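Next come the chains, spelled out residue by residue.
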Amino acid sequence: DEVTARPELFITDWGIRREPETNRQASLENTAGEAVFLATSALAASRHVDKLLWTDLVDDSSGLIDARGRPRPAYWAAWLLCKYAPRGSTCSTLVDYRSRLLIAGIRTRTSANIFVVNRTPWPMSLTLRATGVGTPATVREHKLDIMEADAVRHRNLSLSTTQKVSLTGPGVTVVQFIPKS
């Protein structure tokens, strides 16, 4: 049998370019939009694209880090993706719900993760049920609430495959199910 290698696909200029905002509220909405765009497009492309390179590393209007070296919300969205959907993981489920939510099931070597991306400015809650993971040893939530925090918050959840997730507005939440050894 002859094995045919699949060529790798890189997207080398990916992101949103814009002029710096002078209005604080418009700036906050734009940074939320960048983080949500990054998470949504990276999860959607994960089945087909090998590497995505964000447009600017350092820039106050579209970079992952601002000019003073502080991470912007898109940085934290990228961090969540690198940590909980690393290269080599499998996207088993991708649901785009009425352009409001993107839900992705990601299997890694050590856990089953459910990403929920809220693309709206409105709070909402939903119940997730992980199937095929058995009884979890640990369940954790990793949440980027863009309008509320400048970093990811982590908390342990009950040891159940059914979890209620509350979203306060635009952001990215990962529910991580780590199986018993």
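Preceding this section is the structure that the text describes.
Residues numbered from 1 in each chain as written. Predicted model: local features only at pLDDT ≥ 70, side-chain atom pairs only at ≥ 80, totals over all residues. Heavy atoms only, no water.

A. Main features of the pairing of strand E7 (residues 112-118). By the criterion of burial, E7 is predominantly enclosed, with seven of the seven residues buried. Side chains Ala 112, Ile 114, Val 116 and Asn 118 project from E7 onto one buried face, and the interleaved Asn 113, Phe 115 and Val 117 project onto a second face that is buried too. Note: strand E6 (residues 101-107) against E7, seven bridges, orientation antiparallel. Bridging across to E7, Leu 101 finds its partner in Asn 118. Counting the residues that bridge the hairpin from E6 to E7 gives four residues. (Buried < 20%, exposed > 50% of the residue type's maximum accessible area, 1.4 Å probe, protein only. Helix = DSSP H or I, 4+ residues; strand = E, 2+ residues; numbered from the N terminus. Pairing = 2+ DSSP bridges.)

B. Broad picture of helix H2 (residues 73-84). With 12 residues, H2 extends 17 Å between its outermost C-alpha atoms, agreeing within 8% with the 16 Å of an ideal straight helix rising 1.5 Å per residue. Residues of H2 that are buried: Pro 73, Ala 74, Trp 76, Ala 77, Ala 78, Leu 80, Leu 81 and Tyr 84. (Expected span 1.5 Å × (residues − 1).)

C. Representation of the environment of Ile 65 in the model. Within the secondary structure, Ile 65 is located in strand E4 (residues 63-65). Sequence spacing of Ile 65 and Trp 76 is 11 residues, and the spatial spacing of their C-alpha atoms is 9.9 Å. Dropping the residues within four chain positions of it, Ile 65 is found in contact with Leu 57, Val 58, Asp 59, Arg 70, Pro 71, Arg 72 and Tyr 75. (Contact = heavy atoms within 4.5 Å.)

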